[in-house]
Amino acid sequence: TQLLEQSPQFLSIQEGENLTVYCNSSSVFSSLQWYRQEPGEGPVLLVTVVTGGEVKKLKRLTFQFGDARKDSSLHITAAQPGDTGLYLCALGGIQGAQKLVFGQGTRLTINP
Amino acid sequence: NAGVTQTPKFRVLKTGQSMTLLCAQDMNHEYMYWYRQDPGMGLRLIHYSVGEGTTAKGEVPDGYNVSRLKKQNFLLGLESAAPSQTSVYFCASTPLRGRGTEAFFGQGTRLTVV
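The shown structure was predicted, so the numbers you read here are calculated from the model rather than taken from an experiment. (Residues numbered from 1 in each chain as written. Chains lettered and ligands numbered in written order. Predicted model: local features only at pLDDT ≥ 70, side-chain atom pairs only at ≥ 80, totals over all residues. Heavy atoms only, no water.)

### Re the packing of aromatic side chains
We apply this condition: For this analysis, a ring pair means two rings from Phe, Tyr or Trp (six-membered ring only for Trp) whose centres lie within 6.5 Å, classed as stacked if their planes differ by under 30 degrees, edge-to-face if by over 60, and tilted for the remaining angles. Numbering of helices and strands runs from the N terminus; a helix is a DSSP stretch of H or I covering at least four residues, while a strand is a stretch of E covering at least two.
Going through the model one piece at a time under the given rule, you end up with nine aromatic pairs over all chains. Between Trp 34 of chain A and Phe 63 of chain A, the aromatic rings sit 6.4 Å apart at their centres with planes inclined by 45 degrees, giving tilted as the arrangement. Of this pair, Trp 34 of chain A sits in strand β4 (residues 32–37) while Phe 63 of chain A sits in strand β7 (residues 61–65), placing them 29 residues apart in sequence. The structure contains a cluster of three or more aromatic residues connected by ring pairs, namely Tyr 35 and Phe 102 of chain A together with Tyr 33, Tyr 35, Tyr 48 and Phe 105 of chain B.

### Quick look at the sheet that holds strand β8 (residues 71–76) of chain A
All names here are of chain A. Here is the rule we go by: Only strands joined by at least two bridges in the DSSP assignment are considered to pair. Where helices are involved, their axes are fitted lines through C-alpha atoms of the stretch in contact, as for all axes, and angles between N-to-C directions lie from 0 to 180°.
Read across the open sheet, the five strands follow the order β1-β3-β8-β7-β6; overall the sheet is antiparallel. The two strands at the open ends of the sheet, each matched to only one other strand, are β1 (5–7) and β6 (55–58). On average, each strand axis in the sheet is tilted by 15 degrees relative to the strand beside it, whichever way the strands run. Note that β7 and β8 share five bridges and pair antiparallel. Counterpart to Phe 65 in the pairing with β8 is Ser 72.

### Quick notes on the interface of chain A and chain B
What counts, and what does not: Between two residues, a contact is recorded if the distance between any of their heavy atoms is within 4.5 Å. The term salt bridge refers to a pairing of a side-chain nitrogen on Lys or Arg with a carboxyl oxygen on Asp or Glu at a separation within 4 Å. Counting of polar contacts relies on pairs of N or O atoms within 3.5 Å, with two restrictions inside protein: one atom must be capable of donating a hydrogen and the other of accepting it, and residues adjacent in sequence are counted only when both atoms are side-chain atoms. Residue polarity follows a fixed list, in which Ala, Val, Leu, Ile, Met, Phe, Trp, Tyr, Cys and Pro are nonpolar, Asp, Glu, Lys and Arg are charged, and the others, Gly among them, are polar.
Taken residue by residue, the interface counts 24 residues in chain A and 22 residues in chain B. Put simply, chain A and chain B have zero salt bridges between them. Along the contact surface separating chain A from chain B lie five residue pairs in polar contact (both at pLDDT 80 or more). Broken down by secondary-structure element, the contributors of at least two residues to the side of chain A that touches chain B are β4, β5 (44–49), β9 (85–92) and β10 (100–102) of chain A. Per-element tally for the side of chain A that touches chain B: the top contributor is β9 of chain A, with four residues. A per-class count over the side of chain A that touches chain B returns ten nonpolar, twelve polar and two charged.

### Focus: the state of the cysteines
Stated precisely, the cut-off is as follows: What counts as a disulfide here is a pair of cysteine sulfur atoms lying within 2.5 Å. Type-normalised accessible area, obtained with a 1.4 Å probe on protein chains alone, sets the label of each residue: buried when under 20%, exposed when over 50%, and partly exposed for intermediate values.
Summed over the entire model, instances satisfying the criterion amount to two disulfides over all chains. Each sulfur in the disulfide pair Cys 23 of chain A and Cys 89 of chain A lies 2.0 Å from the other. Its S-S torsion of approximately 75 degrees makes the covalent link between Cys 23 of chain A and Cys 89 of chain A right-handed. Here Cys 23 of chain A, found in strand β3 (residues 19–24), pairs with Cys 89 of chain A, found in strand β9; they are 66 residues apart in sequence, far enough to count as distant. The pair formed by Cys 23 of chain A and Cys 89 of chain A is uniform in burial state, with each residue classed as buried. Sulfur-sulfur distance for the disulfide between Cys 23 of chain B and Cys 91 of chain B comes to 1.9 Å. Disulfide Cys 23 of chain B-Cys 91 of chain B: the torsion about the S-S bond is -75 degrees, which places it as left-handed. With Cys 23 of chain B in strand β3 (residues 19–25) and Cys 91 of chain B in strand β9 (residues 87–94), this pair connects stretches of sequence that are 68 residues apart. You can call Cys 91 of chain B buried: its relative accessible area is 0%.

If you want it as structure tokens, here you go:
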């Protein structure tokens, strides 16, 4: 069973459209991170959210942490082909453990 | 600053062969991780280490062993490779695992077992 569930798994949209992807868990997070991975590369950190209800913006990307700290969303405004990639959410510190666990990812394709 | 370096980048093994994947980091990080990435599965944690001389099992440890004899190196071993171990392997490190700690990844090792 997956500790973190991401949806959708695949998303293909046209340039200029908006989109939202989600990361959910039955557990409460102490913090949650979003990474982006491009083909042939390792994941790179986009943002970390630590407070329930927190909203962070990174240019056209908006990240939100749920009030109960069990879910998070990533919204992209006016998507561009450069946004194409695999988006992964990750969390650590589960029940005091030190491991870093990832969701299965959302593979996003932005078509010109 | 090299960051996290994985060796080799590509490898083809025959079933039953053994090999070791090397991960080296030059950031003096305490924590290191090995993941495998299969299509549609995201990153699954194999083993991790919270410091020199320590290792722990992750989500999918069977068929793998690890060692952390030096702080900067984390080795992943396959004693008898199986086709099910065909995957892309990623190593990562973090300075510690508090809230908001960024993980730095290597570029991956693509392993094919035939």
